[in-house]
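Summary of structural features
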Amino acid sequence: MAEKQVNSQLEQFSYDDGIVRKFFFATVLWGAVAFLVGVIIALQMANWKFNFGLQWITFGRLRPLHTNAAIFAFAGNAVFAGIYYSSQRLLKARMFSDLLSCIHFWGWQLIIVSAALTLPFGITVGKEYAELEWPIDIGITVIWVVFAVNFFGTIFRRRERHIYVAIWFYIATIVTVAILHIVNSINLPVSIWKSYPIYAGVQDALVQWWYGHNAVAFFLTTPFLGLMYYFMPKAAGKPVYSYRLSIVHFWALVFLYIWAGPHHLLYTSLPDWAQTLGSVFSVVLIAPSWGGMINGLLTLRGAWHRVREEPVLKFFVAGVTFYGMSTFEGPMMSIKSVNLLAHYTDWIIAHVHGGALGWNGFMTFGMLYWLVPKLWKTKLYSTALANAHFWLGLFGIVLYMLSMWAAGITQGLMLRGLDPTGHLLYPDFVETVTKIAPLFWIRLIGGLMFFTGFLLMIYNLIKSISGAEAAEAVVHSEPRLSPAPAIGVKPGESPHRIIEGLPAIFTVLTVVAVLVASAMSLLPALLSEDLVEANPAFKPYSALELQGRDLYVREGCYLCHSQMIRPTHAETLRYGPASLSQESMYDHPFQWGSKRTGPDLARVGGKYPDLWHFRHMMDPREVVANSIMPTYPWLYSQKTDFGVLQKKLSVMKSIGVPYTAEEIEKAEPNAREQAKRIAEGLSASGVNVDIADKEIVALISYLQKLGRDYRNMTAAPGGAK
Amino acid sequence: MMMREVLSHFQLTYLPIAGMFIFLSLFIGCTVWVWRTGSSQVYKDISELPLSEEKTA
C-alpha cells in the first residue's frame, strides 16, 4: 500500500502466543467444569436425590454455577484465546503490553474461581447471568478495562492500515459488554457478600433482560462472529465469501440486537408497546443473523469436499449452522403467540443449548483443534478421535434439543389445556411434570454424549501437546504506519477509508448505535417511577419477610419458579388474576423468573396453611406425590440472621422502599415477634420443635406474603376474588 | 404525573415504526455505500488479510 512505500522503515516484532496458550488451557479446563456441572444438574432434574442432601450442590445453587462457567469461563476464555491470536496477526502487532495480557489472564481466572467459591454458598444477587456479588462485579469491571486498554493499545500500535471486520466485532464486544455489565450491576451493598440492585420490579426486569439478551448478543455472538470471520477463512484457505456482506452484517446486527431485549418479558406487566417493540426487532434480527451465517458457510465454496476429511471444518460448518438455527428459532419465539407457549418451558432450554453447545461450543472446538499445531510444534494426535468427538457432540446436542423441545411443548400445551367446559384439563401442576420426567433422562444422555466427546478432545489435545515444544515465536518485519494510523488518512481518500482507518470514530459510532437503542428500549425502565403508580394496598415486606425473600434468592428458587402471572385464561384459572406491575415495585431484585419447573408463586400466599409449607419444604413428596422439587432440610437447623435486618431495611430505604424510621429501628424485634407468632401457630398444629429462630420460618413468612396484598385489596369491598 | 399520562397514552405502534424507519434508512445507506463504485479492490485487499500472514511469514 502507498503509505508503506513512503515509509520504508522496517520494524521487527513477534507475536505473543504464550498468552494464547494460557487462554487455550483455561478454555479446556473451565469447559470441563461447566459441562460436568451441567450434567450433574441434568441428573438432579431427572432425580432430585442427586444433590445428596447437600445444600451447596442443590439445583438452585449449582445452576448459576453452570451458566456462569459456561458463559464467562468456557466461552469467555475461548473468546480471549481467539482474540489474542487473531488480533495480533490482523493488526500485525504484538499485544500492547505483555503485563496487561498477564493481568487480564490471571484476573479473569481469579474472577471465575471466586464465582465458583461463592455461588455454591448461595452468595448471589439473584439475577440470571449477573449473579455475582458486588466485589466480584468490581473485579470484572477492572479486568475488562485492562483488556480494553490492551486491545485498543494494540490497535493504536498496529502496522496494518485496514481494520479487518473481525476486529470490528471485537471492538463492539468490548465496549458493549462494559456498558451492559456496569448498568446492570449497580447494586447497593448490605455487607461484603450481600447487595440489592438499585432497580426494582418492572424496572429491574427490563434492565436485567436488556442485559441478559445483549450478553447473548455481545458475549456469545459478536465475538464468535469475529472468530468466524478470522478462523473460517484460515481453515478454508479462502477469503470470506463477501466482505461487503460482512459490513452490512456488522452494522445491522449492532443496530438491531439491543432493541430486542423485551422479548424476554412478553405478556408480563411490562407496558405493551415495549413488548411489541422487542417483538418486532427480534423478528427483523433474522436478516442480519442469516446474512452472517450464509457468509460463513459460503466461505467454504469450492472446499466442501474437505469438510468430509477435516474435523476443524466439520466443527465450523456445524457451529455456523447451529447459529443459523438458533437465530431462526429466537425470532420465532419472540412472536407473541409462540412465546405464550414456549416461555417458562423447557423449549427455552432447548434453544439456549442449541446456541451454547452448537454455536459457541462447536466454534470453540474447531478453533482449538486448528490452534494446536499452530501453537505447538506438533500435529493433531488423532483425526479419528476428533471426528468421533464431532459425531458424539452433534448427536448429543440433537438428543438434548429434541428431548427439551418435546418436554417444553408437551408441558406448555398441558398447562394451557382446557376442557369443553372451560376448566383446566390438568389442574395439578405436578401432572405436567411427571409427564415430561422421562425426557429429563434423555436430555441427560444427550448431555453425557456431548461431555464424553469433550473428554475425547481433552485426551486428543493432551496427546498432541505432550512432549511437543511451544512453537517458536517467528520474527516478522513490517513497515511502521506513520506517524500514527489515525493521522495517516490522506485528503483524497474516500470516507470509508477514514472510518475504517479511524478506530476511534468507529468505536464511537458503535457506542452511539448501542446507546440509542438502549435508551429506547429502556425507556419504560428509566421512567418507571412515573409509570408504576404507587398503590397503598401494596406494602413493602416486613423485616422477617425480607429475610425470607433473601433465602428464596439464596436457594435459587427463582430458577424453578416464576412470580409473574400472564393475562391468559388458563393462567389466571391456575394461578389467579394477572400480575400487576405494582406487586413487584419493592422487589430488589425482581423475582419474575424465566422458567417454571414448578408452579408460579406470585399468589401462593394464603393458598396453604403454614404447616403445609413447613412439611413441603422438608420433603415436598410428603404433601405432593411425585413432586420433583428438592428437599431443604438445612432450613430447619440454620438460624435466621436477625442482626442484619436493620441494615437491610435501611439499605432498602435508600433505594426507594418506603420503610419508616421506626420500622428500620425495630426491624429485629419486629422480625422476632413475627417469627414467634408463626412458630406458635405451627406448634399449635402439632410441630413440637422450637423453630422460631430457624430459617424455615422466615421463608414461610415470605411465601405467605406473596399475593397477600392483592388478595386483601380485591377482598376488601366484595368478598373473595 | 405528566410523564405517566404521556406514556400510558403512547400509541404503541409509533415506536416500532419509527425504529424500523431509522433502521431501514441506515440499512439501505450502508448497503449502497458498501457497493459504491470503485470499492471492489479495497474490499478484496482487506478480505485477504487473514490469509496474508502465511504469505509474509
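Model, not experiment: these values are computed from the prediction. (Residues numbered from 1 in each chain as written. Chains lettered and ligands numbered in written order. Predicted model: local features only at pLDDT ≥ 70, side-chain atom pairs only at ≥ 80, totals over all residues. Heavy atoms only, no water.)

Moving on: the overall build of chain A. Looking only at helices and strands, chain A features 28 helices and four strands. Against the compact-globule benchmark of 27 Å for 721 residues, chain A has a radius of gyration of 27 Å, which places it among compact chains. Out of the 721 residues in chain A, the part that is buried amounts to 64%. Long-range pairs, those at least 24 residues apart, make up 83% of the contacts in chain A with a sequence separation of at least 6. When the accessible surface of chain A is split by element, carbon and sulfur atoms take 67% of a total near 25,400 Å². Treating the 57 positive side-chain charges of chain A as one cloud and the 48 negative ones as another, the clouds have centres 8 Å apart. (Helix = DSSP H or I, 4+ residues; strand = E, 2+ residues; numbered from the N terminus. Rg over C-alpha atoms; globule rule 2.2 N^0.38 Å. Buried < 20%, exposed > 50% of the residue type's maximum accessible area, 1.4 Å probe, protein only. Contact = heavy atoms within 4.5 Å. Areas by Shrake-Rupley, 256 points an atom, 1.4 Å probe, with all protein chains shown as cover. Lys, Arg positive; Asp, Glu negative; His and termini not counted. Charge placed at Lys NZ, Arg CZ, Asp CG, Glu CD.)

Time to look at the packing of helix H26 (residues 667-684) of chain A against helix H27 (residues 695-705) of chain A. Residues and elements named next belong to chain A. Where H26 meets H27, the closest approach of the two axes is 10 Å, and the angle between their N-to-C directions is 95 degrees. Judged by the inter-axis angle, H26 sits roughly perpendicular to H27. Note on element contacts: H27 touches H26 through Val697, Ile700 and Ser701, opposite Gln674, Ala675, Ile678 and Leu682. Looking at the contact of H26 with H27 residue by residue, the classes come out as five nonpolar, two polar and no charged. (Axes fitted to C-alpha atoms, helices over the stretch in contact; angles between N-to-C directions. Parallel < 35°, antiparallel > 145°, perpendicular 65-115°, else oblique. Nonpolar A, V, L, I, M, F, W, Y, C, P; charged D, E, K, R; others polar.)

In this section: the domain arrangement of chain A. All names here are of chain A. Domain boundaries assigned for chain A yield domain 1 (16-467 + 504-515) and domain 2 (543-715). If you average the C-alpha positions of domain 1 and of domain 2, the two centres end up 33 Å apart. The partner domain 2 presents 57 residues to the 64 residues of domain 1 that form the contact. Each partner contributes to the roughly 4,800 Å² buried at the junction of domain 1 and domain 2, and carbon and sulfur atoms together form 65% of this total. Contact with domain 2 buries surface across domain 1, with Trp48, Tyr196 and Tyr344 losing the most and accounting together for 18% of the total. Counting every contact that joins domain 1 to domain 2 gives three salt bridges. Among the salt bridges present, the one from Asp550 reaches Lys194, with a minimum N-O distance of 3.6 Å. (Domains from an automatic or database assignment. Buried area = accessible area lost by both parts, 1.4 Å probe. Salt bridge = Lys/Arg side-chain N within 4 Å of Asp/Glu carboxyl O.)

Residue and element names in this part refer to chain A. Throughout the structure, instances matching the rule amount to 67 aromatic pairs over all chains. Between Arg89 and the ring centre of Tyr85, over which it is positioned, the NZ or CZ distance is 3.7 Å. Over the ring of Tyr541 we find Lys705, and its NZ or CZ is 5.2 Å from the ring centre. (Phe/Tyr/Trp six-rings, centres within 6.5 Å; stacked < 30°, edge-to-face > 60°. Lys NZ or Arg CZ within 6 Å of the ring centre and 35° of its normal.)

All names here are of chain A. Its place among the elements puts Ile136 in helix H5 (residues 134-156). In this structure the C-alpha to C-alpha distance between Ile136 and Thr410, which are 274 residues apart in sequence, comes to 40 Å. With near-sequence residues (within four places) excluded, Ile136 lies in contact with Ile111, Ser114, Ala115, Thr118 and Trp193.

Residue and element names in this part refer to chain A. For Val687, the position within the fold is in the loop between H26 and H27. Judged by its relative accessible area of 9%, Val687 is buried. Along the sequence, Val687 and Leu402 sit 285 residues apart, while their C-alpha atoms lie 46 Å from each other. Residues contacting Val687, with those up to four places away along its chain left out, are Leu611, Phe614 and Leu682.

Attention now goes to the packing of helix H3 (residues 59-91) of chain A against H5 of chain A. Residue and element names in this part refer to chain A. Axis separation between H3 and H5 bottoms out at 10 Å; the angle between their running directions is 20 degrees. Taken together, H3 and H5 sit at an angle that is classed as roughly parallel. In this structure, the crossing between H3 and H5 has a hand that is left-handed. Each of Phe80, Ile83, Tyr84, Ser87 and Leu91 in H3 lies in contact with H5, whose residues at this interface are Trp144, Phe147, Asn150, Phe151, Thr154 and Ile155. Across the contact of H3 with H5, the residue classes break down as eight nonpolar, three polar and no charged. (Left-handed = near helix turned anticlockwise from the far one by under 90°.)

What follows deals with the confidence of the model for chain A. Residue and element names in this part refer to chain A. With 94% of its residues at a pLDDT of 70 or more, chain A shows a mean pLDDT of 91. For the stretch residues 1-7, pLDDT sits under 50, and the model shows 13 contacts to residues farther than four places along the chain or on other chains. Across residues 483-489, where pLDDT falls below 50, the model places 13 contacts with residues more than four positions away in sequence or in other chains. (pLDDT = per-residue confidence, 0-100.)

We now examine the pattern of salt bridges. Residue and element names in this part refer to chain A. The final tally for this structure, using the stated rule, is 29 salt bridges over all chains. For Asp346, the salt bridge goes to Lys595, with nearest N and O atoms at 3.4 Å. Of the two residues, Asp346 sits in helix H15 (residues 346-375) while Lys595 sits in the loop between helix H22 (569-575) and helix H23 (610-618), which places them 249 residues apart along the sequence. Here Asp346 falls in the buried class, since its relative accessible area comes to 2%. Since its relative accessible area comes to 6%, Lys595 is described here as buried. With a shortest N-O distance of 3.1 Å, Asp619 and Arg621 are connected by a salt bridge.

This paragraph deals with the side chain of Ser326 of chain A. Residues and elements named next belong to chain A. Mapped onto the fold, Ser326 is located in helix H13 (residues 311-333). Residue classification places Ser326 among the buried positions, given a relative accessible area of 13%. Beyond its immediate stretch of four places on either side in the chain, Ser326 contacts Pro331, His351, Gly354 and Gly355.

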